[in-house]
Amino acid sequence: MDISYPVTIAAARTWFKLGDIKINMTGVEHIPESGGALLAVNHLSFVDYVMAGFPGAERGRLTRFIAKKEVFDHPVGGPVMRSFHHIPIDRSYGAAGMQKAVDYLQNGEVVGIFPEATISRSFLIKDLKTGTVRIAAEAGVPLIPVVLWGTQRIMTKGQKVDLSRHKTVGIEIGPPLPVTGEDPAAETAALKAQMEGMLDRLIKAHPAEEQPPGSWWLPKAYGGSAPTLEEAEAMYAEERRLRAQRKAAKRKS
């Protein structure tokens, strides 16, 4: 039974209204009103769970997100995530989480996944994990790309939280991609290409006054100062190295 999730959705709608957050959303009709569907969402910020759940809510659906196990281990975040019936996945051994996602989908749930597996520091589409198409194929459900733009201005890695008013968030929901799971690499490449085209449209359609030249939240290819994909990947590699170092030190202690 869902109690906290609908309350949180209502609170988010209040936040949008009081904060004058304008949601420019297209393609909501691609999310089915019943039956399982897997939403593949790009990852820009820590509020993407809220924004990526909004299209489903507009169709009367609750989206169950796949999230890293560490979030569920948090003393505050863990109970909240479990109350929403989200799905934990262990990044070192993801089979159990993937199977749970398949079970959810086959039971008619809408499931959200971030196939980049982490926040993109470049704000462009990182390489995607093939698990996304494999989950959709095994469950036999539509794979629906969802691309966000503008959420990074609110709360993202390496930047201060900005809850100031008058921001725009773009959301595009694309048509379902046909997936069979027979060639996960090719189908993942097709998913990435579609998401890149959607992101390009969102960036170009975004109010120009909200992304002046040199903005840290704007990719360099669009006149901003965000890291390139290559620079962002180097930052991510360093994060992984430090994380592994901390885990090793913790095991020794």
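Refer to the structure printed above.
Residues numbered from 1 in each chain as written. Predicted model: local features only at pLDDT ≥ 70, side-chain atom pairs only at ≥ 80, totals over all residues. Heavy atoms only, no water.

Trainee: Where do I start with the overall build of the chain in this structure?
Mentor: From N to C terminus, the chain includes eight helices and seven strands. Rg of the C-alpha trace for the chain: 18 Å, near the compact-globule value of 18 Å for 253 residues, within the 12% margin. Sequence-distant contacts, at least 24 apart, represent 72% of the contacts inside the chain between residues at least 6 apart. Carbon and sulfur atoms make up 58% of the accessible area of the chain, which amounts to about 12,500 Å² in all. For the chain, the distance from the average position of its 32 positive side-chain charges to the average position of its 28 negative side-chain charges is 8 Å. (Helix = DSSP H or I, 4+ residues; strand = E, 2+ residues; numbered from the N terminus. Rg over C-alpha atoms; globule rule 2.2 N^0.38 Å. Contact = heavy atoms within 4.5 Å. Areas by Shrake-Rupley, 256 points an atom, 1.4 Å probe, with all protein chains shown as cover. Lys, Arg positive; Asp, Glu negative; His and termini not counted. Charge placed at Lys NZ, Arg CZ, Asp CG, Glu CD.)

Trainee: I'm lost on the pairing of strand β5 (residues 110–113) in this one. Help?
Mentor: Sheet faces and side chains relate simply in a regular strand, where the side chains alternate between the two faces. Of the two faces of β5, the one lined by V110 and G112 and the one lined by V111 and I113 are each fully buried. As defined by bridge partners, strand β2 (residues 37–41) adjoins β5 across four bridges and the pair is classed as parallel. Note that in β5 the partner of L38 across the bridge is V111. Direction of pairing for strand β3 (residues 63–68) relative to β5: parallel, over a ladder of three bridges. Paired with F65 across the two strands is G112, which belongs to β5. (Buried < 20%, exposed > 50% of the residue type's maximum accessible area, 1.4 Å probe, protein only. Pairing = 2+ DSSP bridges.)

Trainee: Sorry, what's going on with empty space enclosed by the protein here?
Mentor: Unfilled space is identified by rolling a water-sized probe across the atoms. By the definition in use, this model includes two cavities of 30 Å³ or more. Lining the largest cavity are W15, G19, I21, I154, D162, L163, S164, R165 and K167. One number sums up the size of the second largest cavity: a volume of about 40 Å³. Around the second largest cavity, the lining residues are T118, I119, S120, R121, K126, A232, E233 and Y236. Taken together, the residues of the lining of the second largest cavity break down into three nonpolar, two polar and three charged. (1 Å grid on protein atoms, 1.4 Å probe; cavity = no way out; pocket = protein on both sides within 12 Å on 5 of 7 lines; lining within 4 Å. Points joined across faces, edges and corners; volume = space filled by probe spheres on them. Nonpolar A, V, L, I, M, F, W, Y, C, P; charged D, E, K, R; others polar.)

Trainee: Which parts of the structure should I look at to understand the pairing of β2?
Mentor: Counting buried residues along β2, five of its five residues qualify, which places the element largely inside the surrounding structure. Burial of β2 is two-sided: the residues A37, L39 and V41 facing one way and the residues L38 and A40 facing the other way are all buried.

Trainee: Hey, could you run me through the packing of helix α1 (residues 4–18) against helix α2 (residues 48–58) in this one?
Mentor: Each pair of packed helices can be summarised by the angle the axes make with each other and by the distance between the axes. Closest axis-to-axis distance for the α1/α2 pair is 11 Å, and the angle between their directions is 110°. Relative to α2, α1 is oriented roughly perpendicular. Each of I9, A12, R13, W15 and F16 in α1 lies in contact with α2, whose residues at this interface are V50, M51, F54, A57 and E58. Across the contact of α1 with α2, the residue classes break down as eight nonpolar, no polar and two charged. (Axes fitted to C-alpha atoms, helices over the stretch in contact; angles between N-to-C directions. Parallel < 35°, antiparallel > 145°, perpendicular 65-115°, else oblique.)

Trainee: Teacher, can you tell me more about the pattern of salt bridges here?
Mentor: Pairs can form between side chains of opposite charge once their charged atoms are near each other. Inspection of every chain in the model, using the stated rule, returns 15 salt bridges. Its salt-bridge partner being R13, residue E58 comes within 2.9 Å of it at the nearest N-O pair. In this pair, E58 is assigned in helix α2 and R13 in helix α1, connecting sequence segments 45 residues apart. By relative accessible area, which is 41% here, E58 ends up partly exposed. We classify R13 as partly exposed; its relative accessible area is 34%. (Salt bridge = Lys/Arg side-chain N within 4 Å of Asp/Glu carboxyl O.)

Trainee: Looking at this structure, I do not really get unusual backbone geometry. What am I missing?
Mentor: Of all residues except glycine, most have a negative phi; of all peptide bonds, most are trans. A positive phi angle, close to 60°, is found at H85, a residue other than glycine. Looking at the secondary structure, you find H85 in the loop between α4 (77–83) and β4 (87–89). The phi dihedral of H166 falls on the positive side, at around 65°, and the residue is not glycine. Secondary-structure assignment places H166 in the loop between β6 (143–149) and β7 (167–173).

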